[in-house]
Amino acid sequence: MGIAINNGRLIDPANKIDSKLNLLIENGKVAAISGKPFSADTIIDATDLIVAPGFVDIHIHEANIDKDTGDFEIGTFESMLRMGVTTAIGGNCGFGALNPIEYLDKVDSDRIPINLGMLLPHNSLREAINFKDKYKEVSPSELTKMTGIANEWLSQGLIGVSFGLRYVPGANTKEYFEVANKAKEQNRLITAHIRDDAAGVIDALDEFISFGLDGKSKMQVSHIGSMAAFGQMDEFLSAVDQYKYNGVDISCDCYPYYAFCVAIGRTTYDDGFMQRYNTDYESIEILEGEYKNKRCTPELFAHLRQNDPDVLTTAHVMKSDEVDKALSHPNVMIASDGVLNNMQGHPRVSGTFPRALNILVNERKSMSAYEAVRKMTQMPSERLGIEKGNLAVGKDADLVLFNLASIEDKASFTNPTDEPVGIKYVLVNGHIALKENEITNSKAGQSIRIK
Ligand SMILES: [Zn+2]
């Protein structure tokens with residue numbers, strides 16, 4: 001019985017471990033850890049491999065559900081598994097499943113390759129009371145209904161609340177504050193895609209923080225590379241540091257790419273974006289459809305915005321040194337913001353964690369493997385308040401085994417789901433879910449609900 005993982009370098013920041021140690025897995029849990037190799041029915045030789053808790057991705061956009069079949073579009077979750085993620089959190093940026101509790105129930109009935117927790121997307125509360133106009137304010141009685149639903153859903157185990165301030169211009173401060181308050185009452189996380197980026201990013205940070213100035217809220221600023229890596233990163237990180245010193249419980253996440261991803265019809269590309277990002281049409285690449293991987297001209301941009309506003313684009317406009325600076329800050333964790341539309345999208349959905357290890361640890365040598373693993377396991381787990389990212393005896397056996405020397409992301413803007421190299425094994429709840437690029441168990445994941 002059991003699985004032995006022998007001769008690896010165990011990196012487990014939650015327990016401050018970086019040693020050559022052997023693990024025994026039984027009944028889905030870490031059963032024993034020893035300096036001596038274990039014998040078991042299944043023995044994995046982890047010589048030359050790092051053995052770490054499975055990566056915890058605090059920021060993804062959960063898979064769509066196919067309208068015809070009713071099944072999850074499972075590619076998102078498979079891509080996560082292939083890059084070593086064993087737990088991910090959906091419902092980010094204020095948008096996502098209309099009923100996140102039903103979504104988690106479906107995870108448990110259909111089963112998926114990874115564990116999944118959900119935030120309550122703010123806009124789903126508006127949808128739940130059938131309020132469709134994102135430019136309008138809700139009435140006091142409508143807001144009471146929304147906060148009642150928020151309370152009920154949070155009580156059923158959601159991780160927290162997410163806001164997409166940029167995408168719902170009609171919501172006023174009172175609406176945000178009262179919804180955030182429901183998360184605070186249950187000691188849950190409050191995350192946001194804040195209202196503005198580039199020159200407007202500090203004001204947007206101040207606005208978000210105003211929801212939790214009493215120091216009793218757990219605040220998370222999402223994907224800060226795409227918010228502040230346009231010349232504002234130093235000032236932004238300094239502002240976050242100052243808030244923290246003044247008692248605000250705040251942290252951030254970031255993905256290791258220099259191009260962001262958004263549908264061409266979104267407000268991001270409203271008039272003024274070229275000045276905001278100091279760029280031109282050529283920096284915008286189309287990611288799907290007839291013009292896939294074509295760079296924009298003024299004519300193509302106008303044509304698609306008019307006729308195909310949902311088409312995904314990437315904008316190659318972020319400053320690489322500022323993204324790297326964000327990733328290296330001790331209060332910034334690594335998260336993918338992974339999203340797929342019909343298996344197309346940004347390569348971060350398949351490359352984030354291997355890429356961060358390769359770029360930051362191997363190439364730039366700006367970070368130790370231990371620190372990188374900390375940003376991918378312990379930090380997000382503690383932030384979320386979940387029992388993951390920890391390999392002490394008795395904890396869930398979610399693990400990734402990778403070869404640091406060869407680890408590399410392969411996904412590109414042309415082929416966003418190409419799998420990385422160097423991820424040798426992934427275990428989810430004690431099951432070998434991936435072995436040498438082969439998915440061996442795609443149903444080992446469970447929903448994560450907090451009490
Ligand atoms: Zn976002």
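How each quantity is defined
- Residues numbered from 1 in each chain as written.
- Predicted model: local features only at pLDDT ≥ 70, side-chain atom pairs only at ≥ 80, totals over all residues.
- Helix = DSSP H or I, 4+ residues; strand = E, 2+ residues; numbered from the N terminus.
- Contact = placed C-beta atoms within 7 Å.
- Buried ≥ 20, exposed ≤ 12 C-beta atoms within 10 Å, placed from the backbone.
- Pairing = 2+ DSSP bridges.
- Axes fitted to C-alpha atoms, helices over the stretch in contact; angles between N-to-C directions.
- Domains from an automatic or database assignment.
- Nonpolar A, V, L, I, M, F, W, Y, C, P; charged D, E, K, R; others polar.

Novice: Explain the environment of Ala 335 here, please?
Specialist: Here Ala 335 lies in the loop between β16 (332-334) and β17 (340-341). For the pair formed by Ala 335 and Ser 283, sequence separation is 52 residues and the distance between their alpha carbons is 24 Å. When residues no more than four places from it in sequence are discounted, the contact partners of Ala 335 are Asp 57, Ile 58, His 59, Asp 253, Tyr 255 and Pro 380.

Novice: Quick question: what am I supposed to make of the pairing of strand β19 (residues 399-402) here?
Specialist: Remark: a regular strand shows side chains that alternate across the two faces of the sheet. Burial of the side chains of β19 extends over both faces: Leu 399 and Leu 401 are buried on one face and Val 400 and Phe 402 on the other. Bridging between strand β5 (residues 50-53) and β19 involves 4 bridges; their strand directions are antiparallel. Across the sheet, the residue bridging to Val 51 is Leu 401, located in β19.

Novice: Please clarify how the sheet that holds strand β15 (residues 312-315) should be interpreted in this entry.
Specialist: Spatially, 3 strands are ordered β13-β15-β14 in an open sheet, and the strand pairing comes out antiparallel. The two strands at the open ends of the sheet, each matched to only one other strand, are β13 (260-263) and β14 (284-286). Along the sheet, successive strands turn relative to each other by an average axial angle of 30 degrees, direction set aside. Where β13 meets β15, 4 bridges bridge the pair, whose relative direction is antiparallel. Within the sheet, the bridge partner assigned to Phe 260 lies in β15 and is Ala 315.

Novice: Just checking my understanding: could you explain the domain arrangement of the chain for this structure?
Specialist: How large an interface is tends to be reported as the accessible area lost when its parts come together. In terms of domains, the chain is made up of domain 1 (53-258 + 318-389) and domain 2 (262-316). Inter-centroid distance (C-alpha atoms) of domain 1 to domain 2 is 24 Å. Considering only residue class, the side of domain 1 that touches domain 2 consists of 4 nonpolar, 5 polar and 1 charged.

Novice: How do you make sense of the pairing of β5 when you look at a structure like this?
Specialist: As judged from the 2 bridges shared by strand β1 (residues 3-12) and β5, these two strands associate in the parallel manner. Among the inter-strand pairings, Leu 10 is bridged to a residue of β5, identified as Val 51.

Novice: Got a minute to help me understand unusual backbone geometry in this structure?
Specialist: Glycine aside, residues mostly have negative phi, and peptide bonds are mostly found in the trans state. Positive phi, normally seen in glycine, also occurs at Met 343, with a value near 65 degrees. In this structure, Met 343 sits in the loop between β17 and β18 (344-345). Judged by local crowding, Met 343 falls into the partly exposed class, with 13 C-beta atoms found within 10 Å. For Asn 437, which is not glycine, the phi dihedral falls at a positive 70 degrees. Among the structural elements, Asn 437 can be located in the loop between β21 (431-435) and β22 (438-439). Given 11 C-beta atoms within 10 Å, Asn 437 falls into the exposed group.

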